[in-house]
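Residues per chain, in single letters:
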Amino acid sequence: MRIILLTLCVWLCQASTEELKNCQRPSLHNGFLVPRQDAYNHGTKVSYGCNSGLKPVVETWWGELLCGNGEWSHTPHCVSMSDCIAPVVPHATPKPSQVSYPVNSTVTFVCDKGYEFEKKELRQVVCENGEWGPLPTCNRNKNACDAPSHVPNALITQPYRDTFEEGETIEYRCKEGYKFEGKGTSTCEKSKWDHTPKCVESDVPSGPGPSHALCGDYPTIEHGDVTEDRDRRVLKVQCAALYKLEGPKEVRCVNRKWSDLPVCKAPCRLDQSKFQYRQREYMQHGEQDWFFCLSSPSYVQVKCDNGRALYRGCGDRDW
Ligand SMILES: *[C@@H]1O[C@H](CO)[C@@H](O)[C@H](O)[C@H]1NC(C)=O
């Protein structure tokens, strides 16, 4: 019995610590909400319809909203029947970017960096009587590069991306006390990075050697860097970008042995095709979040377990 209560508490207590917020009634012109209330609880679904001659900015003739932690799954709008709703093309952005577009308006697509149009002539599409003309496709360029691999004691001075276009140059920076041996940039050429920079210690150590001579070589940690803090006689461990350190941050030499080593746990890449909106691409190990599902107004919980994204909701039940 105690175990059951404990389990129940772990479950309920966890749920309550999430502190999920209610949603305020969304404003809607030329339409109506069912049920109509001032506020809605987290997880509540609300339908909305539009006055005659108008349609909601979703694929169906009535819209459904879901309240998720103080936010609605989308902002309800009623627009003219001949208007178009925002077109969705993977790996591309429509310009201008709007919720809806009046009849006869044109959008121009721009493929993400490293992607190109399958047929260039489709980059512009026109809204004709509530429907878009044929939409373009953006394919990954065969000369695009993956994210550059991790360079010890260095980082890259721009946000993480998993695709770079041919000809793009990235700049590295060495961490304090290190300098480049050779050049500090790399350029994407025919799907390969042309150079892997190397950061070496800029001041050659003098005086007594490392305090850890008794323990031998520094331990290696996959996806992590080991550096020595000479003053404090410890090794410091830092994980590669987005990797999560689990275990002690510092390692010491005790009785001719290195103390317990930490591990760097892998981030998870999120499957965008499950979500209603484009979300961040990566989640760190141990993180948990939830997102609106692609079609039904319902949500999926996602947690990251050492490189493996686990989904619960939108038809998945990974845990
Ligand atoms: C849209 O274009 C069509 C065909 O060119 C034209 O007949 C119609 O009047 C236009 N509609 C508006 C609202 O401009």
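Fair warning: this is a prediction, and the values are worked out from it, not measured in the lab.

Observations regarding the nonpolar core
Core analysis: the largest hydrophobic core is formed by 14 residues, its most contacted members being L33, Y48 and W72. Broken down by secondary-structure element, the contributors of at least two residues to this core are β4 (45-50), β6 (63-68) and β8 (78-80). For this core, the element with the highest residue contribution is β4, accounting for 3 residues.

Brief notes about the sheet that holds strand β7 (residues 71-72)
Spatially, 4 strands are ordered β2-β4-β6-β7 in an open sheet, and the strand pairing comes out antiparallel. Only two strands of the sheet have a single neighbouring strand rather than two, namely β2 (31-34) and β7. In terms of strand pairing, β2 meets β4 through 4 bridges, oriented antiparallel. Within β4, the residue paired with F32 across the bridge is G49.

Overview of the confidence of the model for the protein chain
Taken residue by residue, the protein chain gives an average pLDDT of 84. The fraction at 70 or more is 89%. Across the protein chain, strand β23 (residues 192-193) holds the top mean pLDDT of 96, while helix α1 (residues 2-17) sits lowest at 43. Confidence drops under pLDDT 50 across residues 1-17; counting only partners more than four residues distant or on other chains, this segment forms 2 contacts.

Thoughts on the state of the cysteines
Scanning the model with the defined rule gives 10 disulfides in all. Linked covalently through their sulfurs, C111 and C138 form a disulfide whose S-S length is 2.1 Å. With the S-S bond torsion at -80 degrees, the cross-link from C111 to C138 turns out left-handed. One end of the pair, C111, is in strand β12 (residues 106-111); the other, C138, is in strand β16 (residues 138-140), with 27 residues separating them in the sequence. For C111, a relative accessible area of 14% puts it in the buried group. Note on cysteine connectivity: C293 is disulfide-linked to C314, with sulfurs 1.8 Å apart. Negative torsions about the S-S bond denote left-handed disulfides, and the value of about -100 degrees found for C293 with C314 makes this one left-handed. Here the residue C293 occupies a position in the loop between β34 (288-292) and β35 (299-305), and C314 occupies one in the loop between β36 (308-313) and β37 (316-317), the gap between them amounting to 21 residues. C293 gets classed as buried once you look at its relative accessible area, which sits at 2%.

So, how was this worked out
- Residues numbered from 1 in each chain as written.
- Predicted model: local features only at pLDDT ≥ 70, side-chain atom pairs only at ≥ 80, totals over all residues.
- Heavy atoms only, no water.
- Core = buried A, V, L, I, M, F, W, Y, C linked by side-chain atoms within 4.5 Å.
- Buried < 20%, exposed > 50% of the residue type's maximum accessible area, 1.4 Å probe, protein only.
- Helix = DSSP H or I, 4+ residues; strand = E, 2+ residues; numbered from the N terminus.
- Pairing = 2+ DSSP bridges.
- pLDDT = per-residue confidence, 0-100.
- Contact = heavy atoms within 4.5 Å.
- Disulfide = S-S within 2.5 Å.

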